Amino acid sequence: MPGGATIDASGTIAGEPFSGGVFTHCAFESDAPCQPHNLLARMAASLEGVAADISAMDLSALLSSLLLPGDDLAGLTTDAIAIALRRMVGHALDWTDLEFDIIYGPVLDPAVNVALDETLVEEVAAGRRKPFLRLWEWNAPQVVIGSYQSYANELHHEGVLKHGITVTRRVSGGGTMFMEPENCVTFSLVVPTALVEGMSFEQAYPYLDRWVMEALESMGVKARYVPLNDIASDKGKIAGAAQKRWANGMMLHHVTMAYDIDTPKMLEVLRTGLERVSERGTASAVKWVDPLRSQISLSRAEVMQVLYDYFRAKYGATPSTLTPHEIEVAEQRCVEKFSTEEWTFKLP
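The structure contained in this document is the topic of the report that follows. These numbers were taken from a predicted model, which means no experiment stands behind them.

Calculation rules
- Residues numbered from 1 in each chain as written.
- Predicted model: local features only at pLDDT ≥ 70, side-chain atom pairs only at ≥ 80, totals over all residues.
- Heavy atoms only, no water.
- Helix = DSSP H or I, 4+ residues; strand = E, 2+ residues; numbered from the N terminus.
- Rg over C-alpha atoms; globule rule 2.2 N^0.38 Å.
- Areas by Shrake-Rupley, 256 points an atom, 1.4 Å probe, with all protein chains shown as cover.
- Lys, Arg positive; Asp, Glu negative; His and termini not counted.
- Charge placed at Lys NZ, Arg CZ, Asp CG, Glu CD.
- Contact = heavy atoms within 4.5 Å.
- Pairing = 2+ DSSP bridges.
- Axes fitted to C-alpha atoms, helices over the stretch in contact; angles between N-to-C directions.
- Phe/Tyr/Trp six-rings, centres within 6.5 Å; stacked < 30°, edge-to-face > 60°.
- Buried < 20%, exposed > 50% of the residue type's maximum accessible area, 1.4 Å probe, protein only.
- Core = buried A, V, L, I, M, F, W, Y, C linked by side-chain atoms within 4.5 Å.

## Quick notes on the overall build of the protein chain
The helix and strand tally for the protein chain stands at 12 helices and 13 strands. In terms of overall size, the protein chain behaves like a compact globule, its C-alpha atoms giving a radius of gyration of 22 Å where 348 residues would be expected to give roughly 20 Å. Seen through its principal axes, the protein chain has C-alpha atoms that stretch 65 × 45 × 40 Å. Element-wise, carbon and sulfur atoms account for 54% of the exposed surface of the protein chain, whose accessible area totals about 15,200 Å². Across the protein chain, 29 positive and 45 negative side-chain charges occur, with their mean positions spaced 4 Å apart.

Here it is as structure tokens:
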């Protein structure tokens, strides 16, 4: 759960949860030593009669409004409590409800990784593959722009040509990522949208990346989640995340971390912070980057292995590989979409 402790919710619902039902007899249990000792009981009692279809965001706001000076949730957050209560309603999944695959590599052409983010979602939705975490490997420098961004606003075209950069547009939103193979750590998580049912995007990002924060801590990286979708240290941004949710009930959660960075090259390629060329498209925010290498002595390969091992152990994930057919489908999707000028240079 978001926050530094766990929380369980129980109770009953008078009426149908999503057709006029209300919470009754709610109770919260936590391993956090909240103060005063009756704080959770007081918060639970205040929910008597609250509509059971309330969103996690609105529920969190309601719980926050009940806090008094001196109240201490001891590492919990009202987001964590709200999400636990939404789980109680029974219209959401938990991590423990899912069986995961974990995939590492193989080394692919840059555009193929981006195409896989679309094609593999279809495989999971069709039941041909389990939900999964996929750690990327690729063989050439690339820049990935968000689905709603403008190439002209984000990139110096002459720098792209000078440094042989492959530019690809992903299906998810978010900002531009400068991604050299040995300088970035990138992964894609594909899960049912029900895993974040009732959460706002601001709540869903740290919820899906809680395991990442724990893995970073195990490596000695001092990081925190910064709304909406950044992982940062006191010195700057470490990683950025992006999401896309499909009507088929599946979602993609994508994260790129800076392991190291060639700043002069990046500045020759990216236009971040400069005057917009086109009025269309979402611009990337100007943020100082603090690569992982500034905090730890681990190699990129060792960082990738820690992430692989941590996710596998935490969620009981089964090692898996991409099939030749999945790669072939993604390569064909590159020809038809992801490597085309129409897709790369489209104006949102």
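Now that the structure has been shown, we can carry on.
## Looking at the environment of Thr193
Examined against the element boundaries, Thr193 turns out to sit in the loop between β8 (184-192) and α7 (201-208). In this structure, the C-alpha to C-alpha distance between Thr193 and Gln142, residues 51 residues apart in sequence, is 29 Å. Ignoring sequence-local partners within four residues, the contact set of Thr193 consists of Arg245, Gly249, Met250 and Met251.

## Quick notes on the sheet that holds strand β4 (residues 132-138)
Backbone hydrogen bonds are what pair the strands of a sheet, in a parallel or an antiparallel way. The eight strands lie next to each other as β9-β10-β11-β12-β8-β4-β3-β13, forming an open sheet whose pairing is mixed. Two strands bound the open sheet, and with one partner strand each, they are β9 (224-226) and β13 (318-320). Strand-to-strand, the axes of this sheet are offset by a mean angle of 20°, without reference to chain direction. Taken together, the three bridges between strand β10 (residues 230-232) and strand β11 (residues 237-245) define a ladder with antiparallel strand orientation. Paired with Asp230 across the bridge in β11 is Gly240. Packing against the sheet, helix α4 (residues 110-125) makes contact with β3 (101-108), β4, β8 and β12 (250-258), and its axis sits at approximately 160° to β4.

## Things to note about the packing of aromatic side chains
Scanning the entire structure with this criterion turns up 12 aromatic pairs. Aromatic pair Trp95 and Tyr315: ring centres 4.4 Å apart, planes at 15°, arrangement stacked. One end of the pair, Trp95, is in the loop between α3 (78-89) and β3; the other, Tyr315, is in helix α10 (residues 300-315), and 220 residues separate them in sequence. The two residues Trp95 and Tyr315 agree in class, both being buried. Both rings, one in Trp211 and one in Phe311, keep their centres 5.0 Å apart while their planes meet at 70°; by these two values the pair is edge-to-face. Placement of Trp211 in helix α8 (residues 210-218) and of Phe311 in helix α10 is noted, with a sequence separation of 100 residues between them. A single burial state applies to Trp211 and to Phe311, both of which are buried.

## Re the nonpolar core
Soluble globular proteins tend to bury their nonpolar side chains together. In this structure, Trp95, Phe100, Met257, Leu292 and Phe311 are the most contacted members of the largest nonpolar core, which totals 44 residues. Listing elements by their share of this core, those giving two or more residues are β4, β8, α7, α8, β11, β12 and α10. Element by element, the count of residues in this core is highest for α10, at six residues. Sequence-distant contacts of Phe311, defined by excluding residues within four places in its chain, comprise Trp95, Phe100, Asp101, Ile102, Leu133, Leu189, Trp211, Gly316 and Ala317. Formed by 27 residues, the second largest nonpolar core is a distinct cluster that contains Val112, Leu120, Trp136 and Trp343.

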